[in-house]
Amino acid sequence: MMTNHQIVLKDFPEGVPEPGHFAAAKASVPEPGDGEYLSRTLYISLDPYVRGVITGKHMYEDRVTPGDVIIGRTVSQVVTSRHSDFAPGDIVVDANGWQQYAVCNGENVRKLDPAVAPISTAVGILGMPGLTAYAGMTYLAKPRAGETLVVSAAAGPVGTMVGQIGKIHGCRVVGIAGSDEKCAMVTEHLGFDACINYKTQDLREALVAACPDKIDIYFDNVAGDTLAAVMTRLALGARIVLCGMITQYNITGAPPPGPNLAPIVGARAHVHGLVVYDYYDRWDEFERQAAEWFAAGKLNYKEDVAEGLAAAPEAFCRLMRGENFGKALVHVGDPE
Ligand code: NAP
């Protein structure tokens, strides 16, 4: 019988998670039933929302409790199949979680064409984070040429896509990120016009210098003080897309007080809450558009890849400490 190596939750973390909150486990590799396939995990996507699933705060996913395999999207290869739509060898985006093998009934699974882009991007800029950026920009922010766009967590997969889509639309793009290396990457590698290191610069002053015509679009991935600072520099008719609030994900008690809303009134600004699940019916449209941009060399990306399933806990903890540099992934195996 073949062994399925897994990582399970050991204890609920308080505050920022540590590797000791997770444990290695073993099970036998499951057999697919009728209408199911068995796949082998190649890449695990590490995403901030998984922290909310562990806390039991996520809107749609059931809480992970001690002993459960940690959930997560994966790029996998079909090993055996009793599902008419999937054949051995197919590369798919499914949700095996932090384990080597899983069976799946094919629901919410997308087949990949490895010729389009490296397969790991299917959980990064060409996957759920990419769709988040695309949906927020296309349907909520609606950028126009010449406008100023600011995006926080600029070096992560959502932020990198938001900024590059902004450049495609002719915006002046200003990133906000937590290190000089991240700022250099988004300006030099991704073509952002400027980037502010919020850990070493006074954010309010830096925004005045980097956004002389004020801010037409703010794509917020972090909330907290950054949102409050950006709100002091809104242009008339500004749009704010509330996408993520990662500064709060490790807080288990009451959330901190919100920012003062007066600048929203003064700027006649529009505030939009974004939930990517509302746009899953636009996957085909996004995939076509993103593949075209990728082929034209308009999309670059950076990945932060941990090697081997056993590295998943520490890599996830690094993400939750804000230390990842690019899309956080775990490489588990190669396609055959
Ligand atoms: P990501 O940018 O790789 O997220 C991690 C980054 O967040 C860190 O590298 C860090 O970058 C930044 N960060 C800022 N404050 C932090 C703090 N207190 N603790 C930890 N990290 C902090 O991840 P992503 O996948 O692109 O997601 C970006 C945001 O979008 C997240 O908030 C996520 O939850 C959200 N999201 C929302 C939806 C939706 O449907 N609304 C969908 C997908 C993602 P710096 O060093 O630059 O601070």
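To be clear, the structure that these remarks concern was listed above.
All figures in this text were calculated on a predicted structure; none of them were measured in a lab.

A. Molecular detail of the overall build of the protein chain. Per the secondary structure count, the protein chain includes 9 helices and 15 strands. In summary, the protein chain has a C-alpha radius of gyration of 20 Å against a globular reference of 20 Å for 336 residues, a match within 12%. Taking all contacts inside the protein chain whose residues are at least 6 apart in sequence as the whole, residues at least 24 apart take part in 67%. Separation between the mean location of the 28 positive side-chain charges and that of the 39 negative ones in the protein chain comes to 6 Å.

B. The arrangement of the pairing of strand 12 (residues 234-242) in detail. Two elements, strand 11 (residues 215-220) and strand 12, share 5 bridges in a ladder whose sense is parallel. What sits directly across from phenylalanine 219, in strand 12, is valine 241. Read from strand 11 through helix 6 (residues 224-231) to strand 12, the crossover connection turns out right-handed. Two strands pair when backbone bridges link them, and strand 12 and strand 13 (residues 270-273) are joined in this way by 4 bridges, in the parallel orientation. Residue pairing across strands places arginine 239 opposite histidine 270, the latter belonging to strand 13.

C. Region of the structure containing the site of the ligand. Close to the ligand lie 27 residues, the nearest being Lys182, Tyr198, Leu274, Val276 and Asn324. Between the ligand and the protein, one listed contact pairs an oxygen atom with a side-chain N or O atom of tyrosine 249 at 2.7 Å. For the ligand, whose accessible area on its own is 920 Å², the fraction buried by protein is 89%. Taken together, the elements giving at least two residues each to the shell around the ligand come down to helix 2 (128-141), helix 3 (157-168) and helix 9 (312-320). Here the residues of the shell around the ligand are counted per class, giving 17 nonpolar, 8 polar and 2 charged.

D. Quick look at the packing of helix 2 against helix 8 (residues 283-295). It is the contact of helix 2 with helix 8, at a shortest axis distance of 10 Å, that shows an interaxial angle of 95 degrees. The angle between helix 2 and helix 8 falls in the class roughly perpendicular. Within the contact between the two elements, helix 2 uses Met128, Gly130, Leu131, Tyr134 and Tyr139 and helix 8 uses Trp283, Glu285, Phe286, Gln289 and Trp293. Classifying every residue of the contact of helix 2 with helix 8 gives 7 nonpolar, 2 polar and 1 charged.

E. Representation of the packing of aromatic side chains in the model. For the structure shown, the criterion picks out 13 aromatic pairs. Seen from the ring of phenylalanine 86, lysine 111 lies directly overhead, with NZ or CZ sitting 5.6 Å from the centre. Sitting above the plane of the tyrosine 139 ring, arginine 282 keeps its charged end 4.2 Å from the centroid.

F. How the structure looks around the sheet that holds strand 8 (residues 148-152). Pairing is parallel in the open sheet, where 6 strands are placed in the order 10-9-8-11-12-13. A single partner strand is all that each edge strand has here, and the edge strands are strand 10 (194-197) and strand 13. Recorded for the sheet is a direction-independent mean angle of 15 degrees between the axes of neighbouring strands. Along the sheet face, helix 3 touches strand 8, strand 9 (172-177) and strand 11 and points at about 170 degrees away from the line of strand 8.

About the cut-offs
- Residues numbered from 1 in each chain as written.
- Predicted model: local features only at pLDDT ≥ 70, side-chain atom pairs only at ≥ 80, totals over all residues.
- Heavy atoms only, no water.
- Helix = DSSP H or I, 4+ residues; strand = E, 2+ residues; numbered from the N terminus.
- Rg over C-alpha atoms; globule rule 2.2 N^0.38 Å.
- Contact = heavy atoms within 4.5 Å.
- Lys, Arg positive; Asp, Glu negative; His and termini not counted.
- Charge placed at Lys NZ, Arg CZ, Asp CG, Glu CD.
- Pairing = 2+ DSSP bridges.
- Right-handed = clockwise from strand over helix to strand, strands pointing away.
- Near = heavy atom within 4 Å.
- Polar contact = N/O pair within 3.5 Å; in protein donor to acceptor, adjacent residues only side chain to side chain.
- Areas by Shrake-Rupley, 256 points an atom, 1.4 Å probe, with all protein chains shown as cover.
- Nonpolar A, V, L, I, M, F, W, Y, C, P; charged D, E, K, R; others polar.
- Axes fitted to C-alpha atoms, helices over the stretch in contact; angles between N-to-C directions.
- Parallel < 35°, antiparallel > 145°, perpendicular 65-115°, else oblique.
- Phe/Tyr/Trp six-rings, centres within 6.5 Å; stacked < 30°, edge-to-face > 60°.
- Lys NZ or Arg CZ within 6 Å of the ring centre and 35° of its normal.

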